[in-house]
Structure formats: structure tokens, C-alpha cells
Amino acid sequence: MSDLIIRQVDAVHLKIESEKSIAKELSDFFTFYVPNYQYTPAFKNKYWDGQIRLFNLFNRTIYAGLEDYIRKFCDDRNYSYSLIKEKETKQCDDAEEFLNTLSLSANGKPISIHDHQKKAFLDSLVKKRTLLISPTGSGKSLIIYCLVRYLLKCTEGKILIVVPTTNLVNQMKSDFEDYASNDSFDISKKIHTIFSGKEKQTDRRVVISTWQSLYTLPESYFNQFESVFGDECHLFKAKSLSGLMENIKKAYYRFGTTGTLDDSKIHKLVIEGLFGPSIKVTSTTELMKKKILSKLKIHCLTLNHNKESCSEMKRKKYQEEIDWLVQNKDRNQFIVDLAKKLKGNTLILFNFVNKHGIPLNDLMESQITDRPLYMIHGKTDVDEREMIRKIVDTKESSILLASYGTCSTGINIRNIHNIIFASPSKSVIRVLQSIGRGLRTSEGKNRATVYDISDNLSYKKYVNHTMNHLENRIKIYTNEKFDYDISKIRLGGPLDGNNV
């Protein structure tokens, strides 16, 4: 008899049968501290030990997507195991042959699927559940479209595509319509979209929805879905999103897509558990070598503040430093002067709408009269965002101010030449997604430039928070093999043409 019997309960969970000692060992193997747990009220008040346990020792269940990790656990300890699956996904026609029958297009012109997209498509169908890690601009929506077309042919149930924003619902449907524009496949008769109170019941086989529209629905609603996709699924670590995915118990085809994951191992395991083993589809540098994405240059501009300011900000809390920086008149004027100097379409990313975005917009409106100026943030109407996106795509000298939140997961503008990081960030996901906004190619555009603004408020041996964040971003640039340089600029002085 095997030391462990791994039994598939449904599309979400496995149940482990073993001796208590092995179950405890497995529980320890799948127990992790949550990043920054020590700062949470629950830990400080001793309600929680700061750990997440992926293996439920009480009912002996674990996410089905972690099957490979369980096998490794057994192999490393010489434990024997047997796997019992009561339901197998249907074996379909040759996937590669099917892919060749699709008439794909983009902007009304015939296109061919890239090698990395084709491999991701085939690997996904072999595994039946997987997490595709592929950077912004790599064509994740085309991979999803091809998988959806294949599943419509070889399965009978409905297909659910979950996205984080209303704008992405519309963008996904629009992308599908574009890909099928030279095909007899009628998207309008196949897809139903759900957001902002729209009807949740439909006879159409493909449903694209925001997670916010679904996560409070009962489990019975999700029994109709045989396949599920999670786009931008790095967001699925949130409890409500995880709960939603746990309710989709009959979807044995599960595919997640994301540009990158953060450095937390527990975050990666939760998402792999909900979807499946991760596959790195390609990298930004590889796509740039193949000229699928624009070439990239990053200028790290470190603003040196005067001694009085450094002394004033010494050992301030992080939020106090950020509040001081975003309201600093000289710093905001530097951003305006930089934007005025740059040629082409410029995207300026900020974090706080009222404290930073609106004052920056007001300052620019008072000084820039010869270039179109637009602003997008969370309260900007979806139709207005789409209108602005289309306008900027046709312009050559516009300035777009956008919040990180709306731009990192909800807007696709090919014709961006320059990106200015007006607010500092240390998030790997946010930084890479923001850079990805400028890497899409367009007619006449094959290069993008990022201006990463940091602030030196260090005093004697003290190094301020946002300078430490610059070090984190430089590590990201180094790991991604991006071309970058670092320049020091005296705040309040003239812009040095050699620096920018």
C-alpha cells in the first residue's frame, strides 16, 4: 500500500490519505510566513501566528494545482504514492492542426501566431491547467483567444474568463473581435460580458466578467463552467478572488495569465494551486531581440534635495516622506519641465489622485498650451478612457497623466514613446507592468524611454525610504537585463540635456 493516496475531490482540491505523522510533515512543508506578517494587527494582537497553511490538516485537503509539489515532497523523502482521479479532461483533436485552421488578424490585417504563443498554447492543452507567465506586450490575449476557440470545439460546457477591471472586459472582447475579423467565427453570438450590474445569466458559451461581479454569487452558479481563465491573475491572492476560484469546482481546464509574480513564495503557490504549474512563456528582453517589442532605455534620475530638506525629512515615516515628495513644488516643476522637453507621446504615472495627479495636471495645464493633455484615474468613465486611448494612439506629441492602478492592468496604448515614473514604487509587478505600457510597437515607433525619478533625502548615514526603493528597482532592471543608466540632478537647477 502507498504511503500517500492522492485523491482528486474536484477541480479545486485534492484529498491526501496517509498516516498522521506524514500528514503533519506535509502540513509543515506547505506552511509559510506571509510577507510583512509582523506588521499586521492580527499578529501584533496575537490572534494569528503570521503563517498560511496550504494543506488543511483537519480535512486533509490541498489545492489541486500543487500536485507536482506533492510528488516532489514524496520523491525527496522516498514516500510511495498513488494518484486517483475520478474525472479526466477530454482528449481532443490534434491541437497544432487546429491552430493552423484559425484565420487570425490584428487591426484588420492577417497575422501569424509567434513561436512563444504557439508553445504556450500547446503546453497549456497538454497540462490542462497552468499558469502562463509572460510579460506585457507578449500577446497573452491572443493565447487566450486560441485556447477559447479550441475549448469551444472540443468541450461542451461554458467558459469563464475573469479579469480585474471593467475596462479589461471590454478590451478582451474587442481583442477577440479583432482576432476573428477575417474569420467566419461570430464573436457577438458567442460572448457575454458581465460588469456593473449587467445580466449574469446567458445562453452564450463564453462569459467575460470582472471578479467583483461574481465573487458573491452562490457556488451553484459556477457549475455551468467547464473551463476558467484568470487574466492578470497575480491579483488572485486576495481572499475574495481565491474564494471565487474555489467555487468553480467543475472547471478542470484552468489557465491563469500574468506578466510577473512578486517575490513571495506563498503568493506563487496560492496562484499555482488555483490554476496549475507555472510556465515562463518568454521574457521582455527576448521579445525586444525579436523586434516584437520596442527597444528600451531607462534613465534613473536621482533628484538631490537641499540639506535643509534632508535634515527636515530625516527618519520620517514612509508615508510622511511620500506626502512631502508629491507636494514638493520644485519636484513637480521638474516633472513638468521634463515632460515639456520630451518628444513624442509621454505617459506620466502617479500614485495619488488628489495629492499628486490633479495638482500635476493643473500645473501642466497652466504651462503647456501647444500639446494635447489628458488625465486618467480610477473615477474616469470607461468610455472616456477608451476615447483617450484611441486619441493618444493617433497623436505624436500628447501628454497623458495616469494613475498606476488604471494603467497597470487596464489600458493598452501602443504609441507611447516616453514614460515618467512620477511616484516611486518598489513593487516588481507594478514596475514591470508600467514599463510594459511603452514597449508595444506601432508604425514608426520602435523605441521607448523610461524616466525613473527618485529622491535623495539622505542625511549623514541615514538613507531615506524612496532611495532604498530605487535600489529595489535597479535590481529589477538588472535581473531583466534592461539597459539603464543613473544620473544625479540638483533639484531646482536647469535640466541637463545630457541627462535627459
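Above this note sits the structure.
All figures in this text were calculated on a predicted structure; none of them were measured in a lab.

A.B. asks: Any chance you could explain the overall build of the chain here in plain terms?
C.D. replies: If you tally the helices and strands in the chain, you get 18 helices and 22 strands. At 25 Å, the chain has a C-alpha radius of gyration in line with the 23 Å of a compact globule built from 500 residues. Dimensions of the chain along its principal axes, counting C-alpha atoms only, are 75 × 60 × 45 Å. Burial status across the chain gives 55% buried among its 500 residues. Partitioning the contacts of the chain with sequence separation of at least 6, the portion at a separation of at least 24 is 76%. When the accessible surface of the chain is split by element, carbon and sulfur atoms take 47% of a total near 23300 Å². Taking the average place of the 75 positive charges on the side chains of the chain and the average place of its 60 negative ones, the gap between the two points comes to 3 Å.

A.B. asks: How should the packing of aromatic side chains be read in this particular structure?
C.D. replies: For any pair of aromatic rings, the description consists of the separation of the ring centres together with the inter-plane angle of the planes. By the definition in use, this model includes 17 aromatic pairs. Ring centres of Phe-29 and Phe-73 lie 5.3 Å apart, and the angle between their planes is 55°; this geometry places the pair in the tilted category. Note that Phe-29 is positioned in helix H1 (residues 20-29) and Phe-73 in helix H3 (residues 67-77), a separation of 44 residues in sequence. By the ring-pair criterion, three or more aromatic residues cluster together here, those being Phe-29, Phe-30, Phe-73 and Tyr-79. The ring of Phe-352 has Lys-355 sitting right over it, with the charged end atom 4.4 Å from the ring centre.

A.B. asks: Looking at this structure, how should I read the nonpolar core?
C.D. replies: The nonpolar side chains of soluble globular proteins are, as a tendency, buried together. In this structure, Leu-160 and Phe-222 are the most contacted members of the largest nonpolar core, which totals 46 residues. For this core, the leading source of residues is helix H9 (residues 265-274), giving five residues. Setting aside its immediate chain neighbours within four residues, Leu-160 contacts Val-207, Leu-214, Phe-222, Phe-225, Ser-227, Val-228, Phe-229 and Ile-248. Within the second largest apolar cluster, 41 residues are counted, among which are Leu-132, Cys-154, Ala-180 and Val-206.

A.B. asks: Please explain helix H8 (residues 239-247) as it appears in this structure.
C.D. replies: Think of an α-helix as 3.6 residues a turn; residues three or four steps apart then line up on the same face. Listed as buried for H8 are Leu-241, Ser-242, Leu-244, Met-245 and Asn-247. If you follow the buried residues of H8, they end up packed against strand E5 (61-63), strand E10 (158-163), strand E13 (225-231), strand E14 (253-258) and H9.

A.B. asks: Explanation requested: the environment of Ser-184 in the structure shown.
C.D. replies: With respect to the element layout, Ser-184 can be found in the loop between helix H7 (166-179) and strand E11 (191-194). Through-space distance from the C-alpha of Ser-184 to that of Ser-103 is 8.8 Å; in sequence the pair is 81 residues apart.

A.B. asks: What is the right way to read the packing of helix H6 (residues 140-154) against H7 from this model?
C.D. replies: A pair of packed helices can be characterised by two numbers: the angle between their axes and the separation between those axes. Interhelical geometry of H6 versus H7 gives an angle of 70° and a closest axis separation of 10 Å. Compared by their axis directions, H6 and H7 come out roughly perpendicular. For the crossing formed where H6 meets H7, the hand is right-handed. Only Met-172, Asp-175, Phe-176 and Tyr-179 of H7 make contact with H6, whose side of the interface consists of Ser-141, Leu-142, Ile-144, Tyr-145 and Val-148. Partitioning the contact of H6 with H7 into residue classes produces seven nonpolar, one polar and one charged.

Rules behind the numbers
- Per chain, residues are indexed from 1 in the order of the written sequence.
- Local features in this predicted model are restricted to residues of pLDDT 70 or higher, and side-chain atom pairs are both shown and tallied only at a pLDDT of 80 or more, whereas totals for entire chains, interfaces and linings draw on every residue.
- The side-chain figures draw on all heavy atoms in the structure; neither hydrogens nor water molecules are used.
- A run of DSSP states H or I qualifies as a helix once it reaches four residues; a run of E qualifies as a strand once it reaches two. Both are numbered from the N-terminal end.
- Our radius of gyration is a C-alpha quantity, and the globule rule it is checked against amounts to 2.2 Å times the number of residues to the power 0.38.
- Using a 1.4 Å probe on the protein chains alone, a residue whose accessible area is under 20% of its type maximum counts as buried, one over 50% counts as exposed, and one in between counts as partly exposed.
- Residues are treated as being in contact if the distance between any of their heavy atoms lies within 4.5 Å.
- Reported accessibility uses the Shrake-Rupley method at a 1.4 Å probe radius. Residues are deemed covered only where the shown protein chains occlude them.
- When charges are counted, neither His nor the chain ends are considered; positive counts come from Lys and Arg and negative counts from Asp and Glu.
- Note on charges: their place is set at NZ of Lys, CZ of Arg, CG of Asp or CD of Glu.
- The aromatic pairing rule takes the rings of Phe, Tyr and Trp, using the six-membered ring of Trp, and pairs them if the centres are within 6.5 Å, calling planes under 30 degrees apart stacked, those over 60 edge-to-face and the rest tilted.
- For a ring to carry a charge above it, either NZ of a lysine or CZ of an arginine must fall within 6 Å of the ring centroid while also lying within 35 degrees of the normal to the ring plane.
- Nonpolar cores were defined as sets of buried Ala, Val, Leu, Ile, Met, Phe, Trp, Tyr and Cys residues, with membership established by side-chain atoms within 4.5 Å.
- Axis lines are fitted through C-alpha atoms, for helices just across the contact stretch, and the angle between N-to-C directions can take any value from 0 to 180 degrees.
- For classification purposes, angles smaller than 35 degrees are called roughly parallel, those larger than 145 roughly antiparallel, those between 65 and 115 roughly perpendicular, and all remaining angles oblique.
- Should the near helix be turned counterclockwise from the far one by less than a right angle, the crossing is left-handed, whereas a clockwise turn marks it as right-handed.
- Each residue receives one of three labels: charged for Asp, Glu, Lys and Arg, nonpolar for Ala, Val, Leu, Ile, Met, Phe, Trp, Tyr, Cys and Pro, and polar for the others, Gly being one of them.

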